[in-house]
Amino acid sequence: MGTARLYAAVAGSGFRRYATYRVATAAGVFTNTVFGLILAYLFIALWDSKPHLGGYDQAQALSYVWLSQGLLMVVAMMGGGFEDELIERIRTGDIAIDLYRPADLQMWWLAQDMGRALFHLLGRGVVPLLFGALVFDLALPSDPLTWLAFLLAVALGVVVGFAIRFLVALSAFWLLDGAGVAQLTSIAGIFCSGMLLPLNVFPGALGEVVRALPWSSLIQAPVDVLLGTADPLGTYARQAGWAVALLAAGRLVQSVATRRVVVLGG
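I will try to describe carefully the structure that is included in this document. This is a predicted model, so every value here is computed, not measured.

The rules behind each value
- One numbering rule holds for all chains: residues counted from 1, following each sequence as written.
- Reporting in this predicted model follows two pLDDT cut-offs: at least 70 for local features of residues, and 80 or more for side-chain atom pairs to be given and counted; totals over whole chains, interfaces and linings ignore these cut-offs and use all residues.
- Excluding hydrogens and water, the side-chain figures rest on all heavy atoms present in the structure.
- The secondary structure listing takes helices from DSSP runs of H or I that are at least 4 residues long and strands from runs of E that are at least 2 residues long, numbered from the N terminus.
- Counting of polar contacts relies on pairs of N or O atoms within 3.5 Å, with two restrictions inside protein: one atom must be capable of donating a hydrogen and the other of accepting it, and residues adjacent in sequence are counted only when both atoms are side-chain atoms.
- Contact between two residues is taken to exist if any of their heavy atoms lie within 4.5 Å; hydrogens are not considered.
- The criterion for an aromatic pair is that two Phe, Tyr or Trp rings (for Trp, the six-membered ring) have centres within 6.5 Å, with stacked assigned to planes under 30 degrees apart, edge-to-face to planes over 60 apart and tilted to the rest.
- Burial classes: relative accessible area under 20% of the type maximum marks a residue as buried, over 50% as exposed, and values in between as partly exposed (1.4 Å probe, protein chains only).

## Details of the side chain of glutamate 83
The topology assignment puts glutamate 83 in helix α4 (residues 83–92). In terms of polar contacts, glutamate 83 uses its side chain to reach the side chain of arginine 165, at 2.9 Å. When neighbours within four sequence positions are excluded, glutamate 83 is seen to be in contact with Arg165 and Ala169.

## Side note on unusual backbone geometry
In this structure, histidine 52 takes a positive phi of about 65° despite not being glycine. Examined against the element boundaries, histidine 52 turns out to sit in the loop between α2 (22–49) and α3 (58–71). If you check the backbone angles, alanine 76 has positive phi at about 50° while not being a glycine. Residue placement: alanine 76 occurs in the loop between α3 and α4.

## So, the packing of aromatic side chains
Inspection of every chain in the model, using the stated rule, returns 13 aromatic pairs. On the numbers, 5.6 Å between centres and 85° between planes, the contact of phenylalanine 15 with phenylalanine 119 is edge-to-face. Residue phenylalanine 15 is found in helix α1 (residues 2–19), and its partner phenylalanine 119 is found in helix α6 (residues 105–135); the two are separated by 104 residues along the sequence. Judged by its relative accessible area of 26%, phenylalanine 15 falls in the partly exposed class. Summarising the aromatic geometry, the rings of phenylalanine 173 and tryptophan 174 are spaced 6.1 Å apart at their centres and angled 70° between planes, so their arrangement reads as edge-to-face.

If you want it as structure tokens, here you go:
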């Protein structure tokens, strides 16, 4: 119980930390709304020329735009999470202090990242979606259970996104600066998460590949659960499978890195 309270407190501190950046949050809401408008009118033109592209009607496509804009910071699609701080701690050697703490390194950062994600869901996710619903005809469900199913998919997506970025940050143990790996991963995520275009519209084998990659758990999977175009249980299973596999890989890399720090420290 003490451990659970510890990680709950870490999550709470992560929420409060990002809540202090009120001006940045307001600027982010404005930016997401502007980009949402740009994408919405592009999607209107695209779906006018190709109705039911990717299995979506136009209302679903517009819903996809505003839901994805609301999720960008929740899943830290463009960075801005814990990874920069962790990379810096590895580079300076402060990570040695973290590794000797009685708290698990991976769980500590996961708890903090969950707090960050919750703040961005409330602080930067709700307003753009409400704006989109006021301006456009969206296909949003009225069933509360569907929204709960969506939130569960979002939570699993946050865990998958954390696991990817945790592995990226740990690469700094060998590269000293994980910025390059972080940038490459971010580019892959932008393309493979559905951030710019639903993965359902990708043709043939390319579409199958991008939907099978872990980044599809971040945006595409939660949105499809909300829109009713994907089986929730199958989506959860795929997300959970990636979460378990990536967290296990992160724990393995963390163990190797810990031994390296001990040997060098000794």
